[in-house]
Amino acid sequence: MQPADGFAYDGGPLNGGAPAGSRLSQYLGVNRQAGSSFGSSVGLHINAPPFIPKQHKQQIVQQSFSQLSINEGGNSNFTPPPAFQPRQQPQAPPSQNFERYQPENRGGTMYFWQPPMGEAGEGGHEQEHYEEEPELQQIPEGHVIVNTSGMFAYHSPLPVPHVGKFRPKGALGNGQTQFISAELKMELLNRQLAMDAKADVLAHPGIPQQVEHLTNLVPLENVSVTNLSQTTYKASSIRDGVTYCIRRIHGCRVQPGKQTAPAESWKKLVHGNVVQLREIIPNTRDFDDISLIFVYDYYPLAETLKAKHFDSRTGTFLDSMTGIKLTSTMSSTPLVGTGIPESTLWSYVIQISAALRAIHANGLAARSIDLNKILIYSNNKILLSFCGIADVINSEPIHSSIHQYQQDDLQAFGCVLVALATGKPHGSRRDLLMASMNIISQNYSLDMKNLISCLLTNSTNNRKSINDIMPMIGARFYSYMENMQQRNDCLEAELCRELENGRLFRLLCKLNTVLERAEHNGDENWSETGDRFMLKLFRDYVFHQVTDQGKPWLDMAHIIQCLNKLDAGTSEKIEMVSRDGNIQVILEYSQLKRCVEKAFRDLQTSNVIARH
Ligand SMILES: Nc1ncnc2c1ncn2[C@@H]1O[C@H](COP(=O)(O)OP(=O)(O)OP(=O)(O)O)[C@@H](O)[C@H]1O
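These numbers come from a predicted model, not from an experiment.

What counts and what doesn't
- Residues numbered from 1 in each chain as written.
- Predicted model: local features only at pLDDT ≥ 70, side-chain atom pairs only at ≥ 80, totals over all residues.
- Axes fitted to C-alpha atoms, helices over the stretch in contact; angles between N-to-C directions.
- Helix = DSSP H or I, 4+ residues; strand = E, 2+ residues; numbered from the N terminus.
- Parallel < 35°, antiparallel > 145°, perpendicular 65-115°, else oblique.
- Contact = placed C-beta atoms within 7 Å.
- Pairing = 2+ DSSP bridges.
- Buried ≥ 20, exposed ≤ 12 C-beta atoms within 10 Å, placed from the backbone.
- Left-handed = near helix turned anticlockwise from the far one by under 90°.
- Nonpolar A, V, L, I, M, F, W, Y, C, P; charged D, E, K, R; others polar.
- Core = buried A, V, L, I, M, F, W, Y, C linked by C-beta atoms within 7 Å.
- pLDDT = per-residue confidence, 0-100.

Peer 1: I would appreciate a short explanation of the packing of helix H14 (residues 476-514) against helix H16 (residues 556-568) in the present structure.
Peer 2: Relative placement of two packed helices is described by the angle separating their axes and the distance separating the axes. At a closest axis distance of 10 Å, the pairing of H14 and H16 adopts a crossing angle of 80 degrees. With respect to H16, the axis of H14 lies roughly perpendicular. Between H14 and H16, the contacting residues are Arg-503, Leu-504 and Leu-507 on the first element and Ile-560, Leu-563, Leu-566 and Asp-567 on the second.

Encoded structure:
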């Protein structure tokens, strides 16, 4: 709004300041002494977004929503929107009784202003608003101070800046938005869909409705094949609502106690590269026999090394109810008949050896090191699955042979590496081994060849340990760590964006719960008066800006920035105008924040369910 429109920026007619001796002039005086930029009409330096000069408009409109990040146009380089243009629209006048905003009419314009502390008037009403607020701090340039209802505050230029170097170059790289990347979003959505998938009961009549506390069983492999001795499902527990992966051992009666004891050690083993065993359910009759059930953590869209590197249908989960094929977006194309890149192979070596190291150190042996039992999840994370099954279903005591089983683990590890390096699942077979080792020496480093040879050598006199291969990994471990850290940083940055969205979403929920409410506590004008009226003006200021030609001004950066400042309760002032143009208010975000909190608290006190 320009002065020519009949309004002065400092809230008064151009020909003078506040009337001498008026309460408004007193207020302005106090604020000047306190160092506020909110002053009289002469030499005005208001700390609210100034009106947009016409020549700037073109430049701002050209920015697209998707190119604006949450910290673009931060405090230091904020490009202001045009002032809100009042529309000649009839509107109920606000109540004269704004709880702590003092009305004053200047030149036909009604101003509302807040008297300084101490002058609050009746019953220390203002004190009630202020006591819960943290002290306003000096905000560094380009930072936002955010006080969350989680009772902590942080200063942050968002999103995390140090991940900039990992972003792709070009248009996409610059288009850093306030939302998580499309690829990660797709991956997470697909995993969620896989998690929620249901089985078609007509297609799988043999699957029970419920097995103990587990329901919604969905086969993870083709269970209609006859003579299977073990089958895998996903199922959700009615105890905790969590989805698990269950392995059914058909026709297996066990003696609970002694025979199931090894499972207790596995339940205690927690490692990032081992699928955790949660429970075993012995002797269930829910299938058409007596079955033993192992309950493991479920990793949606996890695939076996065999499926990933040797099958053509990689990373696909078929939802038999909907017929939808869900594919991990992070899954690469299979390499049939060729070895995998050496860097990937080393990453597998590091992860499998880390898992075996933990397993062996706990006096256990995996006994399931196989292309079919090692899972790949997300971005090349290795998981050893179905550990502990062999210990329970084979009745001989494992302690006497544990060292041998550990040696077997290492040899099986070597066989898996040969298969991955040669692209031949049976490359480690006695008759193929020589040719396979030749292929490995030609295509991989000497260290890789030595490591595989070491794992495959089976000597009763000279027992190997998983720790023996650590020196062969050497400095590659650091490269792996660095990649992990980079990925971690990127994911943290993605999370940061969603965190901000979540925070703003909560704020919007609060605002919308208050705004335009039909009545509250019998007061039909509740949402039109007092603090709530200020919020209504703020809503127009944030969302309903128009250009001076009356066209909608759509600027996501403005919206996000205003909401961020409101959430942070900054000391910046903004000028808000009612739709009929009769009321002009200049308020700090910190005051608006108090309005939101107070209005929402009012609702909460009379509400039965309120979680925020
Ligand atoms: N913990 C888990 N979370 C998610 N999916 C899993 C989990 N464990 C196994 N799977 C998936 O279950 C599917 C079936 O696994 P399973 O080991 O039965 O494979 P398989 O190739 O049929 O082997 P087998 O012939 O021994 O049954 C595989 O696609 C695997 O990705």
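Peer 1: Would you explain the sheet that holds strand S15 (residues 381-384) in this entry?
Peer 2: Note: strands within a sheet are paired through backbone hydrogen bonds, in either parallel or antiparallel orientation. Pairing within the open sheet is antiparallel, and its 3 strands lie in the order S11-S14-S15. Across the chains shown, the open sheet's two edge strands, defined by having one partner strand only, are strand S11 (303-304) and S15. For strand S14 (residues 374-377) and S15, the ladder comprises 4 bridges, and the chain directions are antiparallel. When the sheet's bridge partners are listed, Tyr-377 is paired in S15 with Lys-381.

Peer 1: Can you help me understand the pairing of strand S16 (residues 573-577) in this one?
Peer 2: Along any regular strand, the residues point their side chains to alternate faces of the sheet. Buried residues dominate S16, accounting for 4 of its 5 residues. Where S16 lies against strand S17 (residues 583-588), 5 bridges are found, and the strand directions are antiparallel. Within S17, the position partnered with Ile-574 by the bridge is Leu-587. Linkage of S16 to S17, two consecutive antiparallel strands, is achieved through a turn of 5 residues, within which Gly-581 is found at a positive phi near 80 degrees.

Peer 1: What's the story with the sheet that holds strand S6 (residues 214-219) in this structure? I'm lost.
Peer 2: With antiparallel pairing, 6 strands are arranged side by side in an open sheet as S5-S6-S7-S8-S10-S9. Two strands close off the open sheet at either side, each with one partner strand: strand S5 (210-211) and strand S9 (277-284).

Peer 1: It is not clear to me how the packing of H14 against helix H17 (residues 589-605) should be interpreted in this structure. Could you clarify?
Peer 2: Between H14 and H17, the least distance of the axes is 9 Å, while the angle of their chain directions is 65 degrees. Crossing of H14 over H17 shows left-handed handedness. In this structure, H14 uses Lys-510, Leu-511, Thr-513 and Val-514 to contact H17, whose residues at the interface are Val-596, Ala-599, Phe-600 and Leu-603. For the contact of H14 with H17, the class distribution of residues is 6 nonpolar, 1 polar and 1 charged.

Peer 1: Hey, could you run me through the nonpolar core in this one?
Peer 2: Nonpolar side chains in soluble globular proteins tend to be buried together. Counting residues in each nonpolar core, the largest one holds 68 residues, and the members touching the most others are Ile-246, Phe-413, Val-416 and Leu-417. Judged by nonpolar contacts, the second largest core, of 27 residues, contains Leu-511, Val-542, Tyr-589 and Val-596.

Peer 1: What exactly am I supposed to notice about the confidence of the model for the chain here?
Peer 2: Detailed conclusions should not be drawn from predicted coordinates in areas where pLDDT is low. With 65% of its residues at a pLDDT of 70 or more, the chain has an overall mean of 74. Per-residue pLDDT stays below 50 along residues 118-137; that stretch engages in 18 contacts with residues further than four places along the chain or on separate chains. Contacts for the low-pLDDT stretch residues 168-175, under 50 throughout, to residues beyond four places or in other chains number 4 contacts. Confidence estimates for the predicted assembly give a pTM of 0.65 and an ipTM of 0.96.

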